[in-house]
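In case you want the letters, here they are:
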Amino acid sequence: MKLSDRTYSEVRELLKVNKNLIIPVGTCEQHGLHLPLNNDILCAEYFAEELSKATGCLVAPTVNYGVNLPCDRSLTGTTSISTNTLKGTITEIMDWWRYQGFLKFFIITFHGDPFHIDALSDIADDVYLIEPYEIDYSGILEKQTTMRHSCEAETSIALYLYPEKVRVSLIEEKDIVFEDFRQYLFHENCEKPEEYIGCLGYPKSATEEKGKILVEKMIERTINEYHKKAVML
Ligand SMILES: [Zn+2]
């Protein structure tokens, strides 16, 4: 249920029933050779809409930019804003909604850059961050135990949610183990690792079936997190 599809008087009426607002936060980021740059935007919007269906909250227009790894700078199309800009943007747009009577704000993001998450984690006391991908992956994936990037998990989700956007014939994989990638993940090294093709993990093992299982678990987590935080005073 999109806020921006409504008139202001309709929003005013809906606000009497539910005072919480969902804000999807995406990012414009390379996703290897086989997934589009808006992958995390599509996923944030998908889980935001599922949460809206389950709770009756309105969904605010998506924030389409986020904080990305400096080592992705040369991967064409990727762009980033700073943590302060991300935090500031959300703080400013929220101020108006707070003034109009919205009470709690639920940010949904599908992008795990640690600085992006930091920026979204402590915006204000009435803002709660939900990361749908923070689930238990055991028993679902064949070659990974956690979410990586454009990987077995993320590609499975894409195959389930929007198969027409996945360039299946172009999937290539070249994993870099977490310890070796750590310095890039924490923005300490801004050069692209030589062997890096934009994805980590094993996208060749992705399937739509795994995607369905993951998405169902992620919807469950998203709704549970909402309910936990919605009752907090
Ligand atoms: Zn992603």
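This text goes with the structure placed above it.
This report concerns the structure included in the present document. In this text the structure is predicted, and so the values were computed from the model without any measurement. (Residues numbered from 1 in each chain as written. Predicted model: local features only at pLDDT ≥ 70, side-chain atom pairs only at ≥ 80, totals over all residues. Heavy atoms only, no water.)

Here we take up the packing of aromatic side chains. By the definition in use, this model includes seven aromatic pairs. Centre to centre, the rings of Phe-47 and Phe-110 are 5.7 Å apart; their planes meet at 10°, and the pair counts as stacked. Linking Phe-47 in helix H2 (residues 39-55) with Phe-110 in the loop between strand E3 (104-109) and helix H4 (114-121), this pair joins segments that are 63 residues apart in sequence. When its relative accessible area of 1% is taken as the criterion, Phe-47 is described as buried. Here Phe-110 falls in the buried class, since its relative accessible area comes to 4%. (Phe/Tyr/Trp six-rings, centres within 6.5 Å; stacked < 30°, edge-to-face > 60°. Helix = DSSP H or I, 4+ residues; strand = E, 2+ residues; numbered from the N terminus. Buried < 20%, exposed > 50% of the residue type's maximum accessible area, 1.4 Å probe, protein only.)

Looking at the metal site, the zinc ion is ligated by His-31 (NE2), Asp-40 (OD), Asp-40 (OD) and Glu-154 (OE), spaced 1.9 to 2.8 Å from it. Here the zinc ion binds four donor atoms, and the angle range of 51 to 140° at the metal identifies the geometry as irregular. Written as a sequence motif, the donor arrangement for the zinc ion is H-x8-D-x113-E. Taken as a pair, His-31 in the loop between strand E1 (20-25) and H2 and Glu-154 in helix H5 (residues 152-161) lie far apart in primary sequence, 123 residues in all. (Donors = N, O, S within 2.8 Å, 3.2 Å for Na, K, Ca; no water. Tetrahedral: all angles 85-135°; square planar, octahedral: opposite > 155°, others 65-115°.)

Listed in full, the buried residues belonging to H4 are Pro-114, His-116, Ile-117, Ala-119 and Leu-120. The secondary structure elements touched by the buried residues of H4 are E1, helix H3 (83-100), E3, strand E4 (127-130) and helix H6 (178-185). Here H4 starts with a cap whose side-chain oxygen sits 2.7 Å from the backbone nitrogen of Phe-115, and that cap is Asp-113. (Contact = heavy atoms within 4.5 Å. Polar contact = N/O pair within 3.5 Å; in protein donor to acceptor, adjacent residues only side chain to side chain.)

Moving on to the packing of H2 against H5. Interaxial distance between H2 and H5 falls to 11 Å at its minimum, and their mutual angle equals 65°. The handedness of the crossing between H2 and H5 comes out as left-handed. Counting all contacts with H2, which are made through Asn-39, Asp-40, Cys-43 and Tyr-46, the residues of H5 involved are Glu-154, Ile-157, Ala-158 and Leu-161. For the contact of H2 with H5, the residue count by class is five nonpolar, one polar and two charged. (Axes fitted to C-alpha atoms, helices over the stretch in contact; angles between N-to-C directions. Left-handed = near helix turned anticlockwise from the far one by under 90°. Nonpolar A, V, L, I, M, F, W, Y, C, P; charged D, E, K, R; others polar.)

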